[in-house]
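# Results of the structural survey
These are the residues of each chain, in order.
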Amino acid sequence: MTTTDIPAPTARPPRTATLPKRRPKREREGAAWVFLSPWVLGAIVLTLLPMAVSLYLSFTDYDLFNAPHWVGLRNYTQMFTEDPRYWRSVTTTLTYVVIAVPLQLALALGVALALKNMRRGKGFYRSAFYAPSLLGASMSIALVWRAIFNDGGTVDNLLGTGGWINKPGWSLLAVALLTVWQFGAPMVIFLAGLQQIPAELYEAAAVDGAGKWRQFVSVTVPMLSPVLFFNLVLQTIQAFQVFTPAFAVSGGKGGPADSTLVYTLYLYDRGFVASHMGYASAMAWVLLIVIGVVTAVLFRTSRAWVFYASEGER
Amino acid sequence: MTATATASTAVPRKPVRRGRLAVHLGCLVALLVMLYPLAWLLATSLKPADEVIASLDLLPGHLEWSNYKTALDGVNDVSIWRLLGNSLLIAGGAVVGNVISCSLAAYAFARLRFRLRGPLFAFMIATIMLPHHAVLIPQYIIFNKLGLVNTYWPLILPKFLATEAFFVFLIVQFMRGLPRELEEAARIDGCGPFRSFFQVILPLTRPALITTAIFTFIWTWNDFFTQLIYLFDPDKFTLTLALRSFVDASSQSAFGPMFAMSVIALLPIVLFFLAFQRFLVEGMASSGLKG
């Protein structure tokens, strides 16, 4: 970074006669705004303005056809005190996040560690394990999941538990397993992180008599902690917004007995099926705030366990 | 270096090899479990109707190619070519939009100086974390007011305004790695920021642009939520939406054709994956590291 800041022209013979004048500052600043203009327009019209509008709508009754009708905090009080389905969607989503994210990351880390020192076949396994991450978000795979976990499906035949899809206690686990199945993306990131750990650290640890486990705890974990943190934040945020598999597995209803009624599915149901756009906006803002708080908490706790080599000991 | 050399010669060789074999074996077993749903999909798409429910075998007793023939007829009297074309149009539009708008914004953030650059960059990063649903309803209302619901505009237009900040960030990271001397030299030769961008920086950014294009294509192709709320007419449906209405319309006996259509819907992604797996895996790996 610092080397690139050295002004190259000074090292050259003076060519001031032919060198065009540095463009005036204002003109260069203008060029920057030209490059930025699509992004600025999008940020204002498709992000900031909608956020403000949905904040306003969250205090109204609005069905898309009649003008919004101000109701104050009623959407929020109704949500928190009078709507058991709302709380059902909250607990369902939290359960899903707590099951899916740790399982997925543990599997990703485990496979990355197994592949790290592999001499042959590493590239093959890496690609093969990664493939489900690309396919898993599709409707096709969600339908496969529904069939495999249904009565008479593979899981039923194998375990004799009956189909999971129709059992309120089990259906969410089937959805979570679809997320776990897509562990390839964090695995690839873990693997790249593992390969950046300098070999000298392991050599030094081995010289000091550290065994494999000790090396893992004292070298791998601290050196990998920034990557672990990145994966944790990203997967948690994504998990809070799960939609397609819950929709497909339950035919869009969130059943059986609301057991797969994740937050976004209920938001869709309130806003786009029942046309309570004000209520759905309030739900969207609560989601936004919760995700913001969770991210902030993760960042706060990260100071205690994430180790950034470039900053030295913290 | 010498330390490992002596250490590895000191360890007897056989256990190491056995350990390696165990790792390979473990990986192979894991791979079989992972690939089972895909094998199941392919097998079921070729099973006759009576076998789907009655038979527990993975492999079909005989290959029922007519499932694919039924699937090609499409859903709701809309042929599959139409659905495929709709999906391609949306994904293609999204790719073009993202590549153009994200690379323009990325160049400004990576290389140009302007007031508010710091705060705007922080804002851009924050929008990566922003849940889509917080803006979805008012976006819907805006497009509704403009009379654009049930058209492809709400699905394509936002991509031309660099709303997918993840890709802006990806390209910024890549551009920061290019030597600054290139533009210094270009400036001495009289290039303004526009010519430096188009003639110097953009060609060198190709790997990041390809990664952006592939991920945009696959994510748009798989997208369900946005298409679900914006598209109503069966002849405007994408493959994803058609698959969903296939489920609603048909009983278990139509399993074969439904999964034949699922295979067709996955085919472009599989082809993209096989063709570009290096870009995809590397792109995913670098997104987590430089951040």
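Residues numbered from 1 in each chain as written. Chains lettered and ligands numbered in written order. Predicted model: local features only at pLDDT ≥ 70, side-chain atom pairs only at ≥ 80, totals over all residues.

Counting secondary structure elements, chain A contains 13 helices and two strands. Here chain A, with 314 residues, has 39% of them falling under the buried criterion. In chain A, of all internal contacts separated by at least 6 residues, the share reaching a separation of at least 24 is 68%. (Helix = DSSP H or I, 4+ residues; strand = E, 2+ residues; numbered from the N terminus. Buried ≥ 20, exposed ≤ 12 C-beta atoms within 10 Å, placed from the backbone. Contact = placed C-beta atoms within 7 Å.)

When pLDDT is averaged along chain A, the result is 86, and 89% of the positions lie at 70 or above. Every residue in residues 1-17 of chain A scores below 50 in pLDDT, and together they form six contacts with partners more than four places removed in sequence or on other chains. (pLDDT = per-residue confidence, 0-100.)

Residue and element names in this part refer to chain B. Each domain of chain B was delimited in the assignment, giving domain 1 (2-65) and domain 2 (69-289). Spacing between the C-alpha centres of domain 1 and domain 2 amounts to 33 Å. Contacts between domain 1 and domain 2 engage 11 residues on the former and nine residues on the latter. Elements that contribute at least two residues to the side of domain 1 that touches domain 2 include exactly α2 (13-44) and α3 (49-54). (Domains from an automatic or database assignment.)

What follows is about the nonpolar core. Within the largest apolar cluster, 152 residues are counted, with the highest numbers of intra-cluster contacts made by Val-188 of chain A together with Ala-105, Ala-106, Val-168 and Ile-171 of chain B. Considering every element that reaches this core, the biggest residue donor is helix α15 (residues 255-289) of chain B, with 13 residues. Mapped onto the domain boundaries, this core takes at least three residues apiece from domain 1 (2-65) and domain 2 (69-289) of chain B. The contacts of Ala-105 of chain B, once residues within four sequence positions are left out, are Phe-35, Leu-36, Pro-38 and Trp-39 of chain A together with Ala-162 and Val-168 of chain B. (Core = buried A, V, L, I, M, F, W, Y, C linked by C-beta atoms within 7 Å.)

What follows deals with the interface of chain A and chain B. The interface is formed by 81 residues belonging to chain A together with 73 residues belonging to chain B. Here the element with the most residues in the side of chain A that touches chain B is helix α1 (residues 25-57) of chain A; it accounts for 18 residues. Classifying every residue of the side of chain A that touches chain B by side-chain character gives 55 nonpolar, 21 polar and five charged. (Nonpolar A, V, L, I, M, F, W, Y, C, P; charged D, E, K, R; others polar.)

The subject of this paragraph is the packing of helix α6 (residues 117-129) of chain B against helix α9 (residues 165-176) of chain B. Residues and elements named next belong to chain B. Between α6 and α9, the shortest axis-to-axis distance is 8 Å and the interhelical angle comes to 130°. Looking at the two axes, α6 sits oblique to α9. Crossing of α6 against α9: the hand is left-handed. For the pair α6 and α9, the contacting residues are Met-124, Ile-125, Thr-127 and Ile-128 in the first and Ala-165, Phe-166, Val-168 and Phe-169 in the second. Across the contact of α6 with α9, the residue classes tally to seven nonpolar, one polar and no charged. (Axes fitted to C-alpha atoms, helices over the stretch in contact; angles between N-to-C directions. Parallel < 35°, antiparallel > 145°, perpendicular 65-115°, else oblique. Left-handed = near helix turned anticlockwise from the far one by under 90°.)

Below, the discussion takes up unusual backbone geometry. In most cases, non-glycine residues show a negative phi, while peptide bonds are predominantly trans. Unlike most non-glycine residues, Asp-258 of chain A shows phi in positive territory, near 60°. By secondary structure assignment, the location of Asp-258 of chain A is in the loop between α11 (244-249) and α12 (263-273). For Asp-258 of chain A, a count of 18 C-beta atoms within 10 Å puts it in the partly exposed group. For Asn-150 of chain B, which is not glycine, the phi torsion reads 70° and is therefore positive. Judged by the 14 C-beta atoms lying within 10 Å of it, Asn-150 of chain B falls in the partly exposed class.

As a further point, take helix α13 (residues 277-305) of chain A. Its 29 residues place the ends of α13 of chain A 42 Å apart at the C-alpha level, agreeing with the 42 Å of an ideal helix rising 1.5 Å per residue. All buried positions along α13 of chain A are accounted for by Met-277, Gly-278, Tyr-279, Ala-280, Ser-281, Ala-282, Met-283, Ala-284, Trp-285, Val-286 and Leu-287 of chain A. (Expected span 1.5 Å × (residues − 1).)

What follows concerns the environment of Ala-174 of chain A. Mapping Ala-174 of chain A onto the fold places it in helix α7 (residues 171-181). Aside from chain neighbours lying at most four places away, what touches Ala-174 of chain A is Trp-145, Phe-149, Trp-164, Ile-165 and Val-249 of chain A.

All right, on to the confidence of the model for chain B then. All names here are of chain B. Model confidence for chain B is summarised by a mean pLDDT of 84, while 89% of its residues fall at 70 or above. Low pLDDT, under 50, characterises residues 1-11; the stretch is placed with seven contacts to residues that sit more than four places away or in other chains. In the predicted assembly, ipTM is 0.85 and pTM is 0.86.

Another aspect to go through is the environment of Leu-178 of chain A. All names here are of chain A. Looking at the element boundaries, Leu-178 is found in helix α7. Owing to 26 C-beta atoms within 10 Å, Leu-178 belongs among the buried residues under this scheme. Put simply, Leu-178 and Gly-136 are 42 residues apart on the chain and 7.2 Å apart in space, counted from C-alpha to C-alpha. Those residues in contact with Leu-178 that lie beyond four places of it in its chain are Gly-136, Trp-145 and Pro-245.

A separate point is the environment of Met-129 of chain B. Mapped onto the secondary structure, Met-129 of chain B falls in helix α6. Taking the C-alpha atoms as reference points, Met-129 of chain B and Phe-197 of chain B, 68 residues apart in sequence, are found 28 Å from one another. Apart from residues no more than four positions distant in its own chain, Met-129 of chain B is found in contact with Ile-237, Ile-291 and Thr-295 of chain A.

All names here are of chain A. Contact geometry of helix α4 (residues 122-135) with helix α8 (residues 184-195) gives a least axis separation of 7 Å together with a crossing angle of 140°. With respect to α8, the axis of α4 lies oblique. Along the contact surface, α4 presents Arg-126, Phe-129, Tyr-130, Ala-131, Pro-132 and Ser-133, while α8 presents Gly-184, Ala-185, Met-187, Val-188 and Leu-191. Broken down by class, the residue content of the contact of α4 with α8 amounts to eight nonpolar, two polar and one charged.

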